[in-house]
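Chains, contacts and geometry: an overview
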Amino acid sequence: RKEVEQDPGPFNVPEGATVAFNCTYSNSASQSFFWYRQDCRKEPKLLMSVYSSGNEDGRFTAQLNRASQYISLLIRDSKLSDSATYLCVVGGFQKLVFGTGTRLLVSP
Amino acid sequence: DAGVTQSPTHLIKTRGQQVTLRCSPKSGHDTVSWYQQALGQGPQFIFQYYEEEERQRGNFPDRFSGHQFPNYSSELNVNALLLGDSALYLCASSFRDRDNEQFFGPGTRLTVL
């Protein structure tokens, strides 16, 4: 079983749609959680950290459920520029563990 | 304030050769981590360096080795290249005390023929 599991997609949505990504992780001792965005052939860039209390940054909302070892990302009012791969990331001891990523395609 | 830089951007090698990739961390950062990202996969942790020593290592063979210099820059060396080593190699830097807050460089794309 992979340490971090995500649906690879792709998710094809029209502009303005709301889309949700989910992720599960296996190591219950994990302490930090993130969503990264990666554009084609570019490096991953931090989108947001994820907390149990939930956090929001504009159109993006992230949630962590420690009991279920489940992380989510909600994107509202999708833009064409949101098209990218979204990586679920769990912070381990001195390293980051990445999921395989979920590809999002937003169309006009 | 320069971010993480890596060189070269692209590299083509043949099986059996050796390669050295270089990374300069973000200004002020003292810790460097290396990741391998194969096509269609998420990045996989190779190892992390702090104070010129390897702190942590992922599940990679000894063909993968590294070094950190006194100025915190780092090198990744891969010996006896295999076709399966073709990937994007990413360097990330951080502060030792916040080593999960990692900033990534643009990567080196290695192709092994």
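Residues numbered from 1 in each chain as written. Chains lettered and ligands numbered in written order. Predicted model: local features only at pLDDT ≥ 70, side-chain atom pairs only at ≥ 80, totals over all residues. Heavy atoms only, no water.

As a further point, take the interface of chain A and chain B. With 19 residues of chain A at the interface, the matching set in chain B holds 19 residues. Buried surface at the junction of chain A and chain B, summed over both partners, amounts to about 1600 Å²; 48% is from carbon and sulfur atoms. On the surface where chain A and chain B come into contact, there are zero salt bridges. Seen at the junction of chain A and chain B, the total is six residue pairs in polar contact (both at pLDDT 80 or more). Counting only elements with at least two residues in the side of chain A that touches chain B, the list comes to β4 (32–38), β9 (84–92) and β10 (95–98) of chain A. The element that contributes the greatest number of residues to the side of chain A that touches chain B is β4 of chain A, accounting for four residues. Here the side of chain A that touches chain B is built from residues that sort into seven nonpolar, seven polar and five charged. (Contact = heavy atoms within 4.5 Å. Buried area = accessible area lost by both parts, 1.4 Å probe. Salt bridge = Lys/Arg side-chain N within 4 Å of Asp/Glu carboxyl O. Polar contact = N/O pair within 3.5 Å; in protein donor to acceptor, adjacent residues only side chain to side chain. Helix = DSSP H or I, 4+ residues; strand = E, 2+ residues; numbered from the N terminus. Nonpolar A, V, L, I, M, F, W, Y, C, P; charged D, E, K, R; others polar.)

Right, let's talk about the pairing of strand β3 (residues 19–25) of chain A for a bit. Residue and element names in this part refer to chain A. Of the two faces of β3, only the one carrying V19, F21, C23 and Y25 is buried; A20, N22 and T24 on the other face are not. Strand direction decides the pairing type here: strand β1 (residues 4–6) and β3, joined by three bridges, are antiparallel. Paired with Q6 across the bridge in β3 is C23. (Buried < 20%, exposed > 50% of the residue type's maximum accessible area, 1.4 Å probe, protein only. Pairing = 2+ DSSP bridges.)

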